[in-house]
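# Observations on the three-dimensional arrangement
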Amino acid sequence: KQLSSSQIRQMYLDFFQEKGHTIEPSASLIPVDDPTLLWINSGVATMKKYFDGSVVPKNPRMTSSQKSIRTNDIENVGKTPRHHTLFEMLGNFSVGDYFKKEAIAWAFELLTSPKWFGWDKDKLFMTVYPKDKDAKMYWEKVGVAPDHIIEIEDNFWDIGQGPSGPDSEIFYDRGKDFDNLADDDPENYPGGENDRWLEVWNIVFSQFNHTPQDTYEPLPRKNIDTGMGLERVVSIFQHARTNFETDLFLPMIRKTEELSDNKKYDTNKKDNEAFRIIADHSRAITVAIGDGALPSNVGRGYVIRRLIRRAIVNGQRLGINEAFLYKLVPVVGETLKSYYPDVLKQKDYIAKVVRSEEDRFNETLADGLKLFGQVVKEAKANNQTVIDGPTAFKLYDTYGFPVELTQEEASDAGLSVDKEGFKAEMQKQKDRARKARSGAKSMGVQRDLLIEIKDASEYVGYDTLDVDNAKL
Ligand code: ATP
Ligand code: MG
Ligand code: MG
Ligand code: MG
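Residues numbered from 1 in each chain as written. Chains lettered and ligands numbered in written order. Predicted model: local features only at pLDDT ≥ 70, side-chain atom pairs only at ≥ 80, totals over all residues.

It is worth spelling out the pairing of strand β8 (residues 197-210) at this point. Most of β8 sits inside the fold, with 10 of its 14 residues counted as buried. Across 10 bridges, strand β7 (residues 162-173) lies against β8 in antiparallel orientation. Within β8, the position partnered with F171 by the bridge is E199. Note: β8 against strand β9 (residues 216-229), nine bridges, orientation antiparallel. Bridge pairing links N209 to E217 in β9. Where β8 folds back on β9, the antiparallel hairpin that results is connected by five residues, among which D214 adopts a positive phi of roughly 70°. (Buried ≥ 20, exposed ≤ 12 C-beta atoms within 10 Å, placed from the backbone. Helix = DSSP H or I, 4+ residues; strand = E, 2+ residues; numbered from the N terminus. Pairing = 2+ DSSP bridges.)

Below, the discussion takes up the domain arrangement of the protein chain. With domains assigned, the protein chain is organised as domain 1 (5-237) and domain 2 (249-380). Computed over C-alpha atoms, the centres of domain 1 and domain 2 are 29 Å apart. Secondary structure elements with two or more residues in the side of domain 1 that touches domain 2: α1 (5-18) and β2 (61-69). Here the side of domain 1 that touches domain 2 takes three residues from β2, the largest share from any one element. Here the residues of the side of domain 1 that touches domain 2 are counted per class, giving seven nonpolar, seven polar and six charged. (Domains from an automatic or database assignment. Nonpolar A, V, L, I, M, F, W, Y, C, P; charged D, E, K, R; others polar.)

Of all five residues that make up strand β4 (residues 124-128), four are buried, and the element is covered over most of its length. In this structure, β4 lies alongside β7, joined through four bridges in antiparallel fashion. Within the sheet, the bridge partner assigned to F125 lies in β7 and is F171. Alignment of β4 against strand β5 (residues 149-151), held across three bridges, turns out to be parallel. In the sheet register, T127 faces β5, and the bridge partner there is I150. Taking the sense of rotation as the criterion, the β-α-β connection linking β4, helix α4 (residues 133-142) and β5 turns out right-handed. (Right-handed = clockwise from strand over helix to strand, strands pointing away.)

Further remarks concern unusual backbone geometry. Negative phi characterises most residues that are not glycine, and trans characterises most peptide bonds. Positive phi, normally seen in glycine, also occurs at D214, with a value near 70°. On the secondary structure map, D214 appears in the loop between β8 and β9. Although it is not a glycine, N262 adopts a positive phi angle of roughly 60°. Mapped onto the secondary structure, N262 falls in the loop between α6 (250-259) and α7 (269-290). Residue class for N262 comes out exposed when judged on the 8 C-beta atoms lying within 10 Å of it.

In this structure, A107, A288 and V354 are the most contacted members of the largest nonpolar core, which totals 102 residues. The element best represented in this core is α7, accounting for 10 residues. Sequence-distant contacts of A288, that is, excluding residues within four places in its chain, are made with L29, I69, A293 and I304. (Core = buried A, V, L, I, M, F, W, Y, C linked by C-beta atoms within 7 Å. Contact = placed C-beta atoms within 7 Å.)

Shown next as structure tokens:
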């Protein structure tokens, strides 16, 4: 079946509505009342209040297509066929209502029934937790061949304490052509995974309470939560080589071709990576800014800044030397308008925010790239493999290069960055600011306040911001 992304999204929701689920709207990317989470990163993240019992839902069966951001995948974007920063997670949820038997039977029906997805069951592989004999039994019962059920020790969802349980993931066999051939250099894919088997759906059977004493007690009311990546499913329906050759990303890629210096998508690997990063990041920043995030040096704002600046550097690769990302905002809006009409409504505001961040970075970008180029050249000439802390800090502080961006660029050039050295420079900067502040005490409250503000917006934040360790 050749379906559009919006038809596919709707088909999922309709199916579960038919099974008695209430369709929940996609919640804001910015978590409400949840300081442990930087971004909504899954469907279930918006439903914590139901699963921890603090709120009782009107209907214990719910379904949604939830926009989600995962910063741990930033570096995968453009390199793998399947990872995005912003993606939509289709999900169905049971709060103490149906459990394993129904979850498995409905999953199979949705995927294989000609009325719904209509996929060939021979292309599907189900993974189960080895001790979860029930899951295996239910898959067999609905008609999955035993050699398409694979036991995997990792299939256990556990965050340390609270609800936990086995899960079952569904992989789609994209065929021999994808046997490490999804791009011209599959070796480059992180983890050396094989792109032939695409993970599309994760079904979590939340049946234990992981206690502080480290035991697993059966939950009196068991829950189901599932997550299916819309973009991956669309790539299968639209026979796309990767998620990027679908109606969700191609419009941004085409627009970027137009804006580039005569570059065409699918010419070479390096350019493809740049096109994909720009398509992905333009989408993420557009939707996130629409949800109220703004570029800054801390927390969520830093993620936005990092994505914008990484996209700009990749624009340079395609010969784009002026502000351009803001022109992708309405294109993103078009691709999402059927389910997220607000994006298009807010396009002028979002474009303005993006444009001003682009202008700001573009002021220092050329000089920063020049410095970076020199450093790489010198390092190579001296047989060094590391960019030192002070240089990385100068790129950050003077030229606005997020240190992760410097790391990514360095790694492309075969170098690494002394991150500890960078942090030490950051600390020195903070100490200097603190001294200046106490020295300025005598100058009166006003001055003191001003320094405080500058301090907070420019340096202090880095402490609270550790994207590596941010709880995702
Ligand atoms: P992967 O192994 O491919 O990184 P995952 O196991 O980390 O995926 P889950 O946490 O199981 O992903 O999330 C449920 C589903 O959401 C996945 O099966 C996939 O379809 C989708 N998904 C997860 N991360 C991403 C992402 N970064 N971009 C697009 N889709 C994603
Ligand atoms: Mg992952
Ligand atoms: Mg996985
Ligand atoms: Mg998974």
